[in-house]
Amino acid sequence: MTTGWRGVIPAVTTQFNEDLSIDFESTRRVQDALVNDGVHGLIVMGTCGENNSLDPEEKRAILKGAVEVVNGRVPVITGVSEFDARRAVAYAQDAEKIGATGLMVLPAMVYVPKPEELVAHFKAVAAATSLPIMLYNNPPAYRVNIGIEVLKQLEDVPNIKAVKESAPDTRRFTDLLNAFGDRFDIFAGLDDVALEGMMLGAKGWVSGLTSAFPQESVALVAAIDRGDWEEARRIYRWFMPLLHLDAEHDLVQTIKLAEQIMGRGSERVRMPRMILQGARRAEITAMVEKAAATRPTRKV
């Protein structure tokens, strides 16, 4: 089973009404607009989708809406981010029934597992579904590393197909490819190592800031695909001040504020997150407005 996953796959945001209930219409509109702008897939309810701020029934309703609005145009991959394996298995099974294309599976939340517990969690989810799975490695955020020794114990799990690599050390891309060859598709998971990751062999880029600037993100990947490194560097250098935000603690708020400034969504977030205020809000607003005013002319 091959996934065909490639290119830029934004981790889309979840949109909220003023009372912070789910704004399903706006959420679907955000998803549809990204597909129309040429992205190669969607990750629904990843970090930027505020997965752990959503109720179980909300997650399923959001996924159902995404599957309907995308209508097979690109893969729809849903985050599996739960507090225990029991909940993760239940959501994975429901996601398959709803029509998701694949799963992005995170370690169980809050508890920091030992390597053998991490392996058992991933195996439990994989055994519960036939969907292809992307594992999400983000040691700074989740305090656990899906290292080479862990992945060796998962090599024989046929539907674990990919790794989203969000460790900031770009040496990881080469280490994983040296260790496993093409066994796992590797994806760059931090925006500000996207070019480096794809240059080193990543199949694509799971992105945050693409939600605000999708056309430039698609153009960056297109330049890489055709080997136009001068063009890729030109876009990347323009983009980099914003891409750094994806590695910040308040990435969800900054990305949603950028979406709002660009007329693509709302900045509303659920607590414990709160919208940006004061100097931080002014800083991000100025960065986004500068980027919008200096957008690079894209090659056709």
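Keep in mind that this is a model prediction, so the values were computed, not measured. (Residues numbered from 1 in each chain as written. Predicted model: local features only at pLDDT ≥ 70, side-chain atom pairs only at ≥ 80, totals over all residues. Heavy atoms only, no water.)

K.L.:
Just give me the short version of the pairing of strand β7 (residues 185-188), but keep the residues and values in it.
P.N.:
A two-sided burial pattern is seen for β7, the buried positions comprising Asp 185 and Phe 187 on one face and Ile 186 and Ala 188 on the other. Pairing between strand β6 (residues 160-165) and β7: four bridges, direction parallel. Across the sheet, Val 163 pairs through a bridge with Ile 186, a residue of β7. Read as a crossover between parallel neighbours, the route from β6 over helix α7 (residues 171-180) to β7 is right-handed. Relative to strand β8 (residues 204-207), β7 is paired through two bridges, and the arrangement is parallel. Along β8, the bridge assignment pairs Phe 187 with Gly 204. Regarding the hand of the β-α-β motif, the stretch spanning β7, helix α8 (residues 194-199) and β8 is right-handed. (Buried < 20%, exposed > 50% of the residue type's maximum accessible area, 1.4 Å probe, protein only. Helix = DSSP H or I, 4+ residues; strand = E, 2+ residues; numbered from the N terminus. Pairing = 2+ DSSP bridges. Right-handed = clockwise from strand over helix to strand, strands pointing away.)

K.L.:
Tell me about the packing of helix α9 (residues 214-225) against helix α10 (residues 229-243), and please be specific about residues and values.
P.N.:
For the pair α9 and α10, the least separation of the axes is 8 Å and the interaxial angle reads 150°. Judged by the angle between their axes, α9 and α10 are roughly antiparallel. Handedness of the α9/α10 crossing: left-handed. Across the interface between the two elements, Glu 216, Ser 217, Ala 219, Leu 220, Ala 223 and Ile 224 from α9 touch Trp 229, Glu 231, Ala 232, Ile 235, Tyr 236, Trp 238 and Phe 239 from α10. Across the contact of α9 with α10, the residue classes tally to ten nonpolar, one polar and two charged. (Axes fitted to C-alpha atoms, helices over the stretch in contact; angles between N-to-C directions. Parallel < 35°, antiparallel > 145°, perpendicular 65-115°, else oblique. Left-handed = near helix turned anticlockwise from the far one by under 90°. Contact = heavy atoms within 4.5 Å. Nonpolar A, V, L, I, M, F, W, Y, C, P; charged D, E, K, R; others polar.)

K.L.:
Can you tell me about the nonpolar core, naming the residues and giving the values?
P.N.:
Core analysis: the biggest nonpolar cluster contains 97 residues, and Leu 42, Leu 103, Leu 135, Ile 160 and Trp 205 have the highest contact counts within it. In terms of residues, this core owes the most to one element, α10, which gives eight residues. With residues up to four places along the chain from it excluded, the contact list for Leu 42 reads Ile 9, Pro 10, Val 12, Gln 31, Leu 34, Val 35, Val 70, Val 74, Pro 75, Val 76 and Ile 77. (Core = buried A, V, L, I, M, F, W, Y, C linked by side-chain atoms within 4.5 Å.)

K.L.:
A description of the packing of helix α2 (residues 56-70) against helix α3 (residues 85-98) should follow, citing residues and the corresponding values.
P.N.:
Look at α2 against α3: their axes get within 10 Å of each other, and the N-to-C directions meet at 30°. Between α2 and α3, the interaxial angle falls into the category roughly parallel. Considering only the axes of α2 and α3, their crossing is right-handed. Residue-level contacts link Lys 59, Arg 60, Leu 63, Lys 64 and Val 67 of α2 to Ala 90, Tyr 91, Asp 94, Ala 95 and Ile 98 of α3.

K.L.:
Outline the packing of aromatic side chains, supporting the account with residue identities and numerical values.
P.N.:
The tally for this structure, following the rule as stated, stands at five aromatic pairs. Measuring from ring centre to ring centre gives 6.0 Å for Phe 213 and Phe 239, while their planes differ by 80°; the resulting arrangement is edge-to-face. Of this pair, Phe 213 sits in the loop between β8 and α9 while Phe 239 sits in helix α10, and the two are 26 residues apart along the sequence. Here Lys 164 stacks its cationic end above the ring of Tyr 136, 3.7 Å away from the centre of that ring. (Phe/Tyr/Trp six-rings, centres within 6.5 Å; stacked < 30°, edge-to-face > 60°. Lys NZ or Arg CZ within 6 Å of the ring centre and 35° of its normal.)

K.L.:
Before we move on, could you go through the pattern of salt bridges and cite the residues and values that matter?
P.N.:
The full count for this structure, using the stated rule, is 23 salt bridges. Where Arg 28 meets Glu 68, a salt bridge forms, and the shortest distance between an N and an O atom there is 3.0 Å. One end of the pair, Arg 28, is in helix α1 (residues 24-36); the other, Glu 68, is in helix α2, and 40 residues separate them in sequence. Overall, the relative accessible area of 30% leaves Arg 28 in the partly exposed class. According to the relative accessible area criterion, Glu 68 is partly exposed, its value standing at 40%. For Arg 73, the salt bridge goes to Asp 32, with nearest N and O atoms at 2.6 Å. (Salt bridge = Lys/Arg side-chain N within 4 Å of Asp/Glu carboxyl O.)

K.L.:
Which residues make up the pairing of strand β5 (residues 133-137), and what are the values?
P.N.:
Most of β5 sits out of view: five of its five residues are buried. Residues Ile 133, Leu 135 and Asn 137 point to one face of β5 and Met 134 and Tyr 136 to the other, with burial holding for every one of them. In the sheet, strand β4 (residues 102-105) pairs with β5 via three bridges, with the strands oriented parallel. When the bridges of β5 are listed, Leu 103 appears paired with Ile 133. A crossover connection joins β4 to the parallel β5 through helix α4 (residues 115-127); in handedness this β-α-β unit is right-handed. Looking at chain direction, β5 and β6 are connected through five bridges and run parallel. The partner of Ile 133 across the bridge, within β6, is Ile 160.

K.L.:
An account of the side chain of Asp 37 is requested, with residue identities and associated values reported.
P.N.:
If you trace the backbone, Asp 37 turns up in the loop between α1 and β2 (42-44). Here the side chain of Asp 37 touches Arg 264 through a polar contact of 2.7 Å, side chain to side chain. Not counting residues up to four positions away in its chain, the partners in contact with Asp 37 are Pro 214, Gln 215, Val 218 and Arg 264. (Polar contact = N/O pair within 3.5 Å; in protein donor to acceptor, adjacent residues only side chain to side chain.)

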